[in-house]
Each structure stands twice: as C-alpha cells, then as structure tokens.
Amino acid sequence: MSSNSRAEDARRREQLAAAALRNESIAAQVLVDEFVATAKSLGLSPEPLRAQLLDGTRVKSDQVGWYINKARTLAIAPDGRFFQLLITGGRLARFTGVKLAATPPPLVVGRGGRDGETGDLQDFLARTLDAYTR
C-alpha cells in the first residue's frame, strides 16, 4: 500500500468522523429544541449563567439559560444554543465576566469524561425539566 493511499484513507476516515459528529449534533439539536419549547410552555424562566474557570472560580457570563447537569457546567439558552461552562479565563474574568461561545450539542453528555456525569442528553434534559417543575 502506498503512502498516498494511506493518506487518502486517513483523510476519508477523518471526513467520515466529521460527518458522524455533524449528524449527531443535528439529532441532539432536535432534543434541545424540544426541551426549550417545553421549558417555555411550562413558563420556566432562564437564569443568568455562571461559567466555571479551570481553577474552580465561578464567574458571571453574558448569557441566560437552564443548567442541565449537577455540576452546572452545561446549559441550554432560550434560543436553543448549547453551552459548555467550564472555560479558561484569567484573573480579570472574575471582575469582567466572560463571553460564552455556543458549541454543537452532543447526544451523549460527558463522553470520555471522568467527572461521573455522563449519559444520554435526553436523560439530562428530562431530569432538568423535572427539577425545575418540582
């Protein structure tokens, strides 16, 4: 096998993996949109989101939404954007807050993580609705 065909195979595997991630995010976004619609129909108010710096400090952010995990490191905004709230930031972030950037939602939360909070996105969203409606 030539190095050219190996490179082509590697490139193709990379393209397939990227396509799989896009498809997963599309399916996850459907779940997120259903969650937002349900939350709004129940009259659940989003709250100001606080991000967590790598040193554990909580800082204000420029977004509101609903936290979907116990660690409060994942959230959904009222417009359906998905946020990972564990971020890097310097000392100044404690005073100025941070601007959050949305990421594509995963179907499996915490895949490969070791914090103990892993599972299907659908389960996280259902638990969140349950917690907000108690």
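Preceding this section is the structure that the text describes.
Our subject in this report is the structure included herewith. All values reported here derive from a predicted model rather than from experimental measurement.

Thresholds applied
Residues numbered from 1 in each chain as written. Predicted model: local features only at pLDDT ≥ 70, side-chain atom pairs only at ≥ 80, totals over all residues. Heavy atoms only, no water. Helix = DSSP H or I, 4+ residues; strand = E, 2+ residues; numbered from the N terminus. Rg over C-alpha atoms; globule rule 2.2 N^0.38 Å. Buried < 20%, exposed > 50% of the residue type's maximum accessible area, 1.4 Å probe, protein only. Contact = heavy atoms within 4.5 Å. Areas by Shrake-Rupley, 256 points an atom, 1.4 Å probe, with all protein chains shown as cover. Lys, Arg positive; Asp, Glu negative; His and termini not counted. Charge placed at Lys NZ, Arg CZ, Asp CG, Glu CD. Salt bridge = Lys/Arg side-chain N within 4 Å of Asp/Glu carboxyl O.

### Looking at the overall build of the protein chain
- A count of helices and strands for the protein chain gives three helices and seven strands.
- Reading the protein chain from its N terminus to its C terminus gives the helix and strand order α-β-β-β-β-β-α-β-β-α.
- By the compact-globule yardstick of 14 Å for 134 residues, the protein chain is too spread out, its C-alpha radius of gyration being 18 Å.
- Its C-alpha atoms give the protein chain principal-axis dimensions of roughly 60 × 40 × 25 Å.
- In the protein chain, which comprises 134 residues, the proportion classed as buried is 33%.
- The long-range fraction of contacts in the protein chain, counting pairs at least 24 apart against all pairs at least 6 apart in sequence, stands at 49%.
- Accessible surface, the protein chain: about 8500 Å² in total, of which carbon and sulfur atoms supply 53%.
- In the protein chain, which carries 19 positive and 15 negative side-chain charges, the distance between the mean positions of the two groups comes to 6 Å.

### Structural notes on the pattern of salt bridges
- Inspection of every chain in the model, using the stated rule, returns two salt bridges.
- One salt bridge connects Arg 72 with Glu 47, and the closest N-O pair in it is separated by 3.0 Å. Residue Arg 72 is found in the loop between β2 (58-67) and β3 (74-76), and its partner Glu 47 is found in strand β1 (residues 47-53); the two are separated by 25 residues along the sequence.
- Arg 72 sits in the partly exposed class, given a relative accessible area of 35%.
- Its salt-bridge partner being Arg 81, residue Asp 79 comes within 2.8 Å of it at the nearest N-O pair.

The values reported here are purely geometric and, on their own, carry no functional implication.
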